[in-house]
Amino acid sequence: MGANGIYGLSGSGLDIESLVKMGMMNKQNQYDKMYQTQLKQTWVKEAYNTVYTDVKAFKESMSTFKMQSNMSAMQASSSNNDVVSVTANGAAAAMNHKITVEQVASNAYLMTANGKKIDRANTSAANSAYLKDVLFGEEPTKTTGTDGQTYYQFKNTDPSKQDTFKGSDVAISIEVQDGKDVDSDGKPVTRKVEFTYDQIFNDKKTLNDLATAFSNSGANVQGGYDTVNDSFSLYNKTSGSANKIGLKANNDTSADLLNKLHLASYDGQTNTLGNEISFTKNNLTEAAVGTNAKATIDGKTYESDTNKLNVANVIYNFNGVSAKNADGTYQASTISVSQDTDKIVDNVKKFVETYNTLIDSLNTKYREEKNTDYKPLTKKQEGEMTESQIDKWNEKAKSGLLYHDNNIYSIISDMRESLYTKVDAVDTVLTDAKGNKYSYNTMSSIGITSSTNQGHITLDEEKLKKALTEDPDCVYQLFASDQDSTYVAGSTNKNQADTYTSKSDYLNTGIANRLYNSMTTNISKLESYAGTSKETDDESYLGKLITNMNTKMTSFQTLMKSYESKLYKKYDAMEVALSKLGAQLSYITG
């Protein structure tokens, strides 16, 4: 059966389907070539996208090797870690420091006093966490008033408590201040912690809820309740003398509650709790105040609201107060700062590994030759093969996709030039035993050399350590110098001056910065040429080629259908003519 009817009934013996297929072979071959070209372009784009991902990751990794903390790493130690522990960043000087710690920073801190537990009005409910048991010795009678409100009535006629009150009335109202929280006029801002009688009796609020209310009040204060030791605590979350805990009870019930907690202020210097604090209604009590750290470093006194202080790129962490000598003076601790050679060597090794990973991968792609015996399969060819056969075929067909590719060559070339060009910014000039001048201003001078003609590099660690011993800053300068050129272009010709300045900037730029900058340029080229993913609507050169080829293939498919229809019509007419001829012959011979 053909597309336009049933053929062969005339007795002509013509195989119309075969004739049409033969007529379409040339068109199909043209379409298959377009399909293979489009598939090849897609493969190339995907190969480029892999390179893009690798180059981008390499570029980002260069930031690691521009950091002073990595390439000029310093280490610091303390003679008394119980008093002060230290770290040093890359800019710290290799030297010793003397320090005494007179006071450590502490937080304003309140907790239930030593030997005390929280008092409870309901003495039969020992250790109960319910606020009703802490504040009230009896369960009130609960009624609903004519106004629809819930009322609670006590038998207790204590004048400090109402005999009857609404459930929506505020039972507990405590104001809290943190010292630093002030309004536009500079006055301390007060936050409120409040509970109604309904919340206390109906919702059964607890001491944990009270702690949470302090924490959520908006003040910089954290509350806590220790059920095991029946102890309540409040602390300002920030240390320093400007940070406090101020409390004010707005009614007798609130003052009663605070007093039942038996709060005392903690002294961060002596590690002791002070005397229990007494609270009265409507009086703001500055219950606790934080302290600043005080230390003397190399003869200069410093004060800090935290126990961390950065002086001359050495970070001091205060852990305790220095012991005193017999004369009452504080005993000094010694801080030793020196170069962390092992860390620098490890980071240089990481650089070598990172560099080799990319350049080896690029060289493999650049030098992999094409297997011309294997071209992309057509749909028909794929239909005649197993999935495993298709995969093996495509593996060979994809060989050499980036063989001698100019963009890949450009990346390799830039990497090698960045590495092997000396860095003029390395400013230390040394003199050997014979009076010869030298500097550690090339990668080879610190032990990084190429082990192959394809740019794979190796590191001589002993040579690197020797360079660090003779010029401790050379590695950091060699990797991280950043276009600090002092050259002045002497030409009056602007183009020549720009070229000279650009060249001098490059010579004064460290290896990691050169690689970062050159990869930025190459990434831009890759994005323009092949985009960043397999998507074809990215306006890249290859993306447009693939899109245009898809459009061309779609148009050609329409043309093929039209041509096929014409062939069927042609053979349809032939079939009709043969049918008439057969009828005439039958009439003559009949």
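Attention in this report is confined to the structure presented alongside it.

So, about the overall build of the protein chain. Secondary structure assignment for the protein chain yields 15 helices and 24 strands. Whereas a compact globule of 590 residues would reach a radius of gyration of roughly 25 Å, the protein chain reaches 43 Å, over 25% beyond that. Looking at the protein chain residue by residue over its 590 residues, the buried ones come to 39%. At a minimum sequence separation of 6, the contacts of the protein chain that also span at least 24 residues come to 69%. Summing over all exposed atoms, the protein chain offers an accessible surface of approximately 31300 Å²; the carbon and sulfur share of this is 47%. Across the protein chain, 63 positive and 73 negative side-chain charges occur, with their mean positions spaced 6 Å apart.

We now examine the sheet that holds strand β2 (residues 84-88). The sheet built from three strands is open, its strands ordered β2-β19-β18 with antiparallel pairing. The sheet terminates laterally at β2 and β18 (308-311), the two strands that pair on one side only. Geometrically, the sheet is characterised by an average inter-axis angle of 25° between neighbouring strands, direction not taken into account. Bridging between β2 and strand β19 (residues 314-318) involves five bridges; their strand directions are antiparallel. Bridge pairing links Ser85 to Asn317 in β19.

In this section: the sheet that holds strand β6 (residues 150-153). With respect to topology, three strands assemble into an open sheet ordered β5-β6-β7, the strand pairing being antiparallel. Of all the strands in the sheet, just β5 (141-144) and β7 (164-166) have a single pairing partner and so form its edges. The mean inter-strand angle of the sheet, taken between neighbouring strand axes irrespective of direction, is 30°. Examined bridge by bridge, β6 and β7 share three bridges and lie antiparallel to one another. Across the sheet, residue Tyr151 finds its bridge partner in β7, namely Lys166.

A word on the pattern of salt bridges. For the coordinates displayed, the defined rule picks out 14 salt bridges. Here Lys116 ties to Glu276 by a salt bridge, and the two come within 2.8 Å at their closest N and O atoms. In this pair, Lys116 sits in the loop between β4 (109-112) and α3 (131-135) while Glu276 sits in strand β14 (residues 272-276), placing the two residues 160 residues apart along the sequence. On the accessibility criterion, Lys116 (36% relative accessible area) is partly exposed. Salt bridges linked by common partners bring Lys132, Asp133 and Glu139 together as one network.

To continue, consider the pairing of strand β3 (residues 96-103). As defined by bridge partners, β3 adjoins strand β20 (residues 333-339) across four bridges and the pair is classed as antiparallel. Note that in β20 the partner of Asn96 across the bridge is Ser336.

Time to look at helix α11 (residues 461-470). What α11 keeps buried is the set Leu464, Ala467 and Leu468. Considered in projection along α11, the buried side chains sweep an arc of 100° and stay on one side of the axis. What points out from α11, more than 90 degrees from its buried face, is the exposed set Glu462 and Thr469. Residues of α11 that are buried make contact with β20, α7 (341-367), β24 (457-459) and α12 (474-480). Where α11 begins, one side-chain oxygen reaches toward the backbone nitrogen of Glu462, 3.2 Å away; that side chain belongs to Asp460.

Cut-offs applied
Here, residues in each chain are numbered from 1, in the same order as that chain's written sequence. Where totals are concerned, whole chains, interfaces and linings use all residues; where local detail is concerned, this predicted model gives features only for residues with pLDDT of at least 70, and gives and counts side-chain atom pairs only at 80 or more. The side-chain values count all of the structure's non-hydrogen atoms but skip hydrogen atoms and water molecules. Numbering of helices and strands starts at the N terminus; helices are DSSP runs of H or I of at least 4 residues and strands are runs of E of at least 2. The reference for a compact globule is 2.2 Å times residues^0.38; the radius of gyration itself is calculated from the C-alpha atoms. Each residue gets one of three labels from its accessible area relative to the maximum for its type: buried under 20%, exposed over 50%, partly exposed in between, using a 1.4 Å probe on protein chains only. Any two residues having at least one pair of non-hydrogen atoms within 4.5 Å are treated as being in contact. Per-residue and other accessible areas follow the Shrake-Rupley method at a 1.4 Å probe size, with only the shown protein chains counted as cover for residues. Counted as positive: Lys and Arg. Counted as negative: Asp and Glu, with His and the chain ends omitted from the count. Taken as the charge location is NZ of Lys, CZ of Arg, CG of Asp or CD of Glu. Any two strands with at least two DSSP bridges between them are considered paired. All axes are obtained by fitting lines to C-alpha atoms, using only the stretch in contact for helices, and the reported angles, taken between N-to-C directions, cover 0 to 180 degrees. For this analysis, a salt bridge means a side-chain nitrogen from Lys or Arg found within 4 Å of a carboxyl oxygen belonging to Asp or Glu. In this context, the arc is that of the directions from the helix axis out to the C-beta atoms. Polar contact is the term for a pair of N or O atoms within 3.5 Å; when the atoms are in protein, one must be able to donate a hydrogen and the other to accept it, and sequence-neighboring residues count only if both atoms are side-chain atoms.

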